[in-house]
Amino acid sequence: MAPLLLLHTRHVLRTSSRQHSLTFHALRSLSSVASSADIISEWKTSVLKKPILVERDTIRPQTLQQLAMTLDKNSPSASSSTAAQLSKKGAPLPVNWHHAYFPPMIGEQDLGQDGYEMTHAPPAPFLARMWAGGGVEQNPANLLRVGQEMLMKTKCTGIDIKHTRSGETMVFVSLEKVVENENGWAMTDTRTLVYMEKDEKKVNTSKPKIVKPRRQAEFSMDILPTAITLFRYSALTFNSHRIHFDHEYASKVEDHPGCLVHGPLTATFVLENLRQRLKPGQIIKNFRYRALSPLYVDRPIKVCAKSMAAIPTMDADVIASYEVWVENPEGGLAMSGTVEVVQDVKV
């Protein structure tokens, strides 16, 4: 709010003829911010008091085969060696593939106008949403495996309100999803969604800032996310968010140049680039990332990784760590994170 006041103060002092008009606009802007703050404050209290959501699912091999073909478009069929190996009973579930399970059991009438579920979503005018980041922590001693029954507990762990330099309000909603199998805790998924005010009369003409990575990749993977890729991933995850498959909605309502690549899908590409290069017995234990800029359908992306030195905050069992990131077609950062790897004690 302070930058907004300073901006209007400078203009008011320029000429007396414009003083009343500009003061009015300043007050109106401040009133809008205060109104939004009141709306969010009341909603925040109710959301943080919501009971933990408990869901159950089974790690079915067919779902893994379908996801394998979605991630690897060169795989000719579900009988390919990769899909068959991954879906073998007792095989460990690749990290971040859990997104294909626990589909949101929500009827269409209870979805938002953008097709997304509203369980932890703020009220209007905060209707535009995007994936902001998240992470996964696995229990190396109790990995999720094909054929197991799973239980997931979801709760809202935090709501942060931030303001842009132009005075716009952003609401960050953080969720924690703890997954268990018959042996207890297996994995924790954390994710953050950002919600912004949607003004259909306002046209966004600004170009996003391109931030280049400051390091060179040791190994990378080029990917072209097609419309079929996005459709299949939406279907597998039962994600009806229209920005991923409805071009007219994504371009005319959300003001994007095309359909957006799912945040979890991009994160999965990041992990696949690394997982396929790990030595036998090595397990991805921790993965943390931030989504920095959107990626769009039919635009090539580059998934990168580089080994990094150990830092004091890492767990004692970490044997290797990596910087990971995704570059958009312009070479700018779209996602950035870190991965920690441990050795399976059973090997």
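One structure accompanies this document, and this report is about it.

Points about the sheet that holds strand E7 (residues 282–291)
Right, so step 1: Across the sheet, ten strands lie side by side as E1-E3-E4-E5-E2-E7-E10-E9-E8-E6; this open sheet has antiparallel pairing. Of all the strands in the sheet, just strand E1 (53–58) and strand E6 (219–223) have a single pairing partner and so form its edges. This sheet shows a mean twist of 20° between the axes of neighbouring strands, independent of strand direction.
Right, so step 2: Two elements, strand E4 (residues 169–181) and strand E5 (residues 184–196), share twelve bridges in a ladder whose sense is antiparallel. When the sheet's bridge partners are listed, Val173 is paired in E5 with Leu193.
Right, so step 3: The sheet contacts of helix H7 (residues 263–275) involve strand E2 (128–138), E6, E7, strand E8 (301–308), strand E9 (318–327) and strand E10 (333–343), and relative to E7 the element is tilted by about 145°.

Description of the packing of aromatic side chains
Right, so step 1: Evaluated as defined, the whole model comprises two aromatic pairs.
Right, so step 2: Measuring from ring centre to ring centre gives 6.2 Å for Phe219 and Tyr322, while their planes differ by 65°; the resulting arrangement is edge-to-face. Remark: Tyr322 occurs in strand E9 and Phe219 occurs in strand E6; sequence separation between them is 103 residues. Summarising the burial analysis for this pair, Phe219 and Tyr322 share the class buried.
Right, so step 3: Looking at Lys162, its charged tip hangs above the ring of Phe172, at a distance of 5.0 Å from the centre.

Reading the values: rules and limits
- Residues numbered from 1 in each chain as written.
- Predicted model: local features only at pLDDT ≥ 70, side-chain atom pairs only at ≥ 80, totals over all residues.
- Heavy atoms only, no water.
- Pairing = 2+ DSSP bridges.
- Helix = DSSP H or I, 4+ residues; strand = E, 2+ residues; numbered from the N terminus.
- Axes fitted to C-alpha atoms, helices over the stretch in contact; angles between N-to-C directions.
- Contact = heavy atoms within 4.5 Å.
- Phe/Tyr/Trp six-rings, centres within 6.5 Å; stacked < 30°, edge-to-face > 60°.
- Buried < 20%, exposed > 50% of the residue type's maximum accessible area, 1.4 Å probe, protein only.
- Lys NZ or Arg CZ within 6 Å of the ring centre and 35° of its normal.

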